[in-house]
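# Analysis of the macromolecular model
Here is how the chains run, residue by residue.
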Protein chains: 2
Amino acid sequence: MSERMTLSIDAMGGDNAPHMVVEGVHLALKKKPGVRFLLFGDEEQLKPLVARFPDVESASEIRHTSDVVTNEEKAAKALRSGRNSSMRLAINAVHNGEADGVVSAGNTGALMAMAKFVLKMLPGIARPAIATCFPTMRSQTVMLDLGANVECDAENLVQFAVMGEVFGRSVLGIKNPSVGLLNVGAEDLKGNSSVKEAAGILQDSDLPISFYGFVEGDDIAKGTVDVIVTDGFTGNIALKTAEGTAKLFGSFLKESLTSSVFATIGAILAKPALNKFKMRMDPRKYNGAMFLGLNGVCVKSHGGTDGFGFSNAVLVAEELIANAINQSIREDFTRVHGDGDDVAAAE
Amino acid sequence: MSERMTLSIDAMGGDNAPHMVVEGVHLALKKKPGVRFLLFGDEEQLKPLVARFPDVESASEIRHTSDVVTNEEKAAKALRSGRNSSMRLAINAVHNGEADGVVSAGNTGALMAMAKFVLKMLPGIARPAIATCFPTMRSQTVMLDLGANVECDAENLVQFAVMGEVFGRSVLGIKNPSVGLLNVGAEDLKGNSSVKEAAGILQDSDLPISFYGFVEGDDIAKGTVDVIVTDGFTGNIALKTAEGTAKLFGSFLKESLTSSVFATIGAILAKPALNKFKMRMDPRKYNGAMFLGLNGVCVKSHGGTDGFGFSNAVLVAEELIANAINQSIREDFTRVHGDGDDVAAAE
């Protein structure tokens, strides 16, 4: 890490970019001053936006490029032809050592492909995983993989468990985080072959993991464990199902609270409380999916978010860097496999 | 179907059985009088309960057995040793033609194993699927499979699509129900091999299905399509994730509305509206998972539900019977495969 933490930002990624990106950087600076930003994107658009926020202006440097990866672009094509895109240049800055991590709200597939290609994997890890925190009855739970790998074998799941455990320990500050495998039932007999095999490995191994066993879909919100491990297909559907249900709930609630005069007056009286409630379930608060397993910090913001949401993705990247997440993952894998680089070379 | 619709009830299944079962039958009779009930279970416990509800007493017949399948019992063991259980005898009544359908709040795995063994599959269908309706922004969506089959191939998914479409048409009364395949992205390239292959079959075939394409987790609550098809692993996790999220939302809301005097007064004023909202999201309203594909109507109630929840499971069974769901599925499969029995025999 350079002396002063530096983040490279894909300023052109996201539905409301670059405006919401610059606003997000401003809001993140308000919470954590002292961070430097490299903003990759169209200088003509960025300059007047940055000028509106003196804190952003003094903390950041614009790196001009007019190339952008669109949301529709296939990952493979973006990888071939997006070499001068804001996304690619922002990732390159991490690889060059100019930045300690990168944040983008652009095309997820392209970001993952480019980050894998440029940053490479940490030694001993076969595949990256997308991870994010969910609000729970207890506090929060980190879940991975949320969509990087549609099909996962037992070994992938075990590696996700190790990375999730490191995240829980070093970033969330949980002393001995419990790790559960997402399944359709708590009994040993249930589930597909990958989760059954992974459970066997996690139970028998001498990995430094407090393995809880299987958890079910409702355990995510219950907060039964600190870390939930699943394949990217199931994880992505669980994430989006939870988001959809929360939206449905919110929309039904709003309808009810405007359905009569009494309800409306009641809602006005309860407004501060309802706002606190809204804040607690606000998906923007949980914005910022981490690509774990890469040799570099890379955070993906939701494409449709606003400045507040983007600022949270920036803060996630800062947390990962401040807690040296990749150093910890590297150490854990080295301890398990012997010298990490040898393992990587042998694969 | 016998002249008067008859349902056989596993009166001993569920955490609060037999009390909640008898109350559920009473509540179902209030909504739909004229149905007959065969109550399988311990006569000594059932008699005084039934005596409390004159409508239940006159509409039902107690069939005594002291055997019960417990929640902990493995399906295979229940199948071997539960031949005199309330669950098994209730299923037998459908096979014998004494009843038009069965409802149980007991052990799901045992119920599925017994129902498959006793009732057998409909011709042309390889595996049964568990289906239930979800509340959506538009109205409701039926999703299947929710846990009967942990691993599904493309052909299974296609059969689920046909059954779901029939359900949408004949029970929900939707003219041309749209069917979507649950996936991690809407693009053709995404997803595991089963969903990709199933999409290919559904797109190219001359099945009488309005195939929408892929849908994602948040499309469940959006109500993007009328029928969502998925494998039992993903479906079970999506169902329980949605349930867990709704509970979390409800609990956060309750906390907020009791967090200050103003909030509490507001909540009192808005109470009728909040109750309507609660009712709209009430999981008991959506209680009653259908086992589709069996040669007989079988509905599984949530084990932890109360009388109101159980009454809804009873009403689901009545709807399936009244709309001759299995006759429609049989006709659809015969039309597609030629004579259905030949297909079944060939498998």
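Below, the structure is looked at part by part. No experiment lies behind these values; they were computed from the predicted model shown.

## A short note on the sheet that holds strand β9 (residues 227-229) of chain B
All names here are of chain B.
- Across the sheet, eleven strands lie side by side as β3-β2-β1-β4-β11-β10-β5-β6-β9-β7-β8; this open sheet has mixed pairing. The open sheet has two edge strands with one neighbour each: β3 (60-64) and β8 (210-215). Across the sheet, the axes of successive neighbouring strands diverge by a mean angle of 25 degrees, strand direction being ignored.
- Here four bridges tie strand β1 (residues 6-10) to strand β4 (residues 101-104), and the two strands are oriented parallel to one another. Bridging across to β4, Asp10 finds its partner in Ser104.
- Together, β2 (36-41) and β3 form the strand contacts of helix α2 (residues 43-51), whose direction differs from that of β3 by roughly 165 degrees.

## Section: the relation of the copies chain A and chain B
- When chain A is fitted onto chain B, the two copies agree to an RMSD of 0.0 Å after a turn of 180 degrees and an axial shift of 0.0 Å. Classification of the inter-copy transformation places it as that of a two-fold axis. For chain A, the residue whose C-alpha comes nearest the rotation axis is Gly266 of chain A, separated from it by 1.8 Å.

## Section: the packing of aromatic side chains
- Enumeration over the complete set of coordinates arrives at three aromatic pairs over all chains.
- Residues Phe249 of chain A and Phe277 of chain B carry aromatic rings whose centres are separated by 4.9 Å and whose planes lie at 80 degrees to one another, so their mutual orientation is edge-to-face. Taken together, the positions of Phe249 of chain A in helix α10 (residues 232-257) and Phe277 of chain B in helix α12 (residues 271-281) put the pair across two chains. The residues Phe249 of chain A and Phe277 of chain B share a single accessibility class, namely buried.
- Ring-pair connections join several aromatic residues into one group, and the members of that group are Phe249 and Phe277 of chain A together with Phe249 and Phe277 of chain B.
- Across from the ring centre of Phe252 of chain B, 3.6 Å away, lies the NZ or CZ of Arg280 of chain A, which sits over that ring.

## Comments concerning the interface of chain A and chain B
- With 55 residues of chain A in contact, the opposing surface of chain B contributes 55 residues.
- Summed over both partners, the interface of chain A with chain B buries about 5000 Å², with 76% contributed by carbon and sulfur atoms.
- Taken as a group, Phe233, Phe249 and Phe252 of chain A account for 14% of the area that chain A buries against chain B, more than any other trio of residues on that side.
- If you look at where chain A meets chain B, you find four salt bridges.
- Linking Glu255 of chain B and Arg280 of chain A is a salt bridge whose minimum nitrogen-to-oxygen distance equals 2.8 Å.
- At 22 residues, α10 of chain A tops the list of elements feeding residues into the side of chain A that touches chain B.
- Split into classes, the residues belonging to the side of chain A that touches chain B amount to 28 nonpolar, 17 polar and ten charged.

## Here we look at the side chain of Asn156 of chain A
- Turning to its location among the elements, Asn156 of chain A is positioned in helix α7 (residues 154-170).
- Asn156 of chain A has contacts with Ala126 and Arg127 of chain A, leaving out every residue within four places of it along the chain.

## So, the pairing of strand β7 (residues 178-182) of chain A
Residues and elements named next belong to chain A.
- Most of β7 is tucked away: five of the five residues are buried.
- Side chains Ser178, Gly180 and Leu182 of β7 all project onto a buried face; the interleaved residues Val179 and Leu181 project onto the opposite face, where all are buried too.
- Sheet topology note: the β7/strand β9 (residues 227-229) ladder contains three bridges and is parallel. Paired with Val179 across the strands is Val227, a residue of β9.

## Digging into the pattern of salt bridges
All names here are of chain A.
- Under the criterion given, the structure shown has 26 salt bridges over all chains.
- In this structure, the salt-bridge partner of Arg63 is Glu61, at a minimum N-O distance of 2.7 Å.
- According to the relative accessible area criterion, Glu61 is partly exposed, its value standing at 34%.
- Overlapping salt bridges, with partners in common, bring together Arg36, Glu61, Arg63 and Glu98 in one network.

## A look at the environment of Asn96 of chain A
- If you trace the backbone, Asn96 of chain A turns up in the loop between α5 (86-95) and β4 (101-104).
- C-alpha separation for the pair Asn96 of chain A and Asn192 of chain A, spaced 96 residues apart in sequence, amounts to 42 Å.

## Some points on the pairing of strand β10 (residues 289-292) of chain B
Residues and elements named next belong to chain B.
- A two-sided burial pattern is seen for β10, the buried positions comprising Ala289 and Phe291 on one face and Met290 and Leu292 on the other.
- The pairing of strand β5 (residues 129-135) with β10 spans three bridges and is antiparallel. For Ile130, the partnering residue across the bridge sits in β10 and is Phe291.
- The sheet contact formed by β10 and strand β11 (residues 297-300) spans two bridges and is antiparallel. Residue pairing for β11: Ala289 is matched across the bridge by Lys300.
- In this structure, the hairpin formed by β10 and β11 is closed by a connection of four residues, where Gly293 is found at a positive phi of approximately 105 degrees.

## Digging into the state of the cysteines
- One pass over the full model with this rule turns up zero disulfides over all chains.
- Residue Cys152 of chain A stays outside any disulfide, its sulfur separated by 18 Å from that of Cys298 of chain A, the closest cysteine.
- Accessibility expressed as a relative area gives 11% for Cys152 of chain A, which makes it buried.
- Looking at Cys133 of chain B, it has no disulfide partner, and the nearest cysteine sulfur is the one in Cys298 of chain B, 16 Å off.

## Things to note about the packing of α7 of chain A against helix α8 (residues 193-204) of chain A
Residue and element names in this part refer to chain A.
- Where α7 contacts α8, the two axes come as close as 8 Å, and the packing angle between them is 50 degrees. By the angle between their axes, α7 is oblique relative to α8. α8 is crossed by α7, and the crossing has right-handed handedness. For the pair α7 and α8, contact is made by Ala154, Glu155, Leu157, Val158 and Ala161 and by Ser194, Val195, Glu197, Ala198, Ile201 and Leu202, respectively.

## Structural notes on the packing of α10 of chain A against helix α10 (residues 232-257) of chain B
- One can describe the packing of α10 of chain A onto α10 of chain B by two numbers: an axis separation of 8 Å at closest approach and a directional angle of 35 degrees. Both α10 of chain A and α10 of chain B take part in a crossing whose hand is right-handed. Taken together, the residues of α10 of chain B that come into contact with α10 of chain A (itself represented by Phe233, Thr234, Ile237, Ala238, Thr241, Ala242, Thr245, Ala246, Phe249, Gly250 and Leu253 of chain A) are Phe233, Thr234, Ile237, Ala238, Thr241, Ala242, Thr245, Ala246, Phe249, Gly250 and Leu253 of chain B.
- For the contact of α10 of chain A with α10 of chain B, a count of residues per class yields 14 nonpolar, eight polar and no charged.

Scoring rules and cut-offs
- Residues numbered from 1 in each chain as written.
- Chains lettered and ligands numbered in written order.
- Predicted model: local features only at pLDDT ≥ 70, side-chain atom pairs only at ≥ 80, totals over all residues.
- Heavy atoms only, no water.
- Pairing = 2+ DSSP bridges.
- Helix = DSSP H or I, 4+ residues; strand = E, 2+ residues; numbered from the N terminus.
- Axes fitted to C-alpha atoms, helices over the stretch in contact; angles between N-to-C directions.
- Contact = heavy atoms within 4.5 Å.
- Least-squares fit on C-alpha atoms with pLDDT ≥ 70 in both.
- Phe/Tyr/Trp six-rings, centres within 6.5 Å; stacked < 30°, edge-to-face > 60°.
- Buried < 20%, exposed > 50% of the residue type's maximum accessible area, 1.4 Å probe, protein only.
- Lys NZ or Arg CZ within 6 Å of the ring centre and 35° of its normal.
- Buried area = accessible area lost by both parts, 1.4 Å probe.
- Salt bridge = Lys/Arg side-chain N within 4 Å of Asp/Glu carboxyl O.
- Nonpolar A, V, L, I, M, F, W, Y, C, P; charged D, E, K, R; others polar.
- Disulfide = S-S within 2.5 Å.
- Parallel < 35°, antiparallel > 145°, perpendicular 65-115°, else oblique.
- Left-handed = near helix turned anticlockwise from the far one by under 90°.

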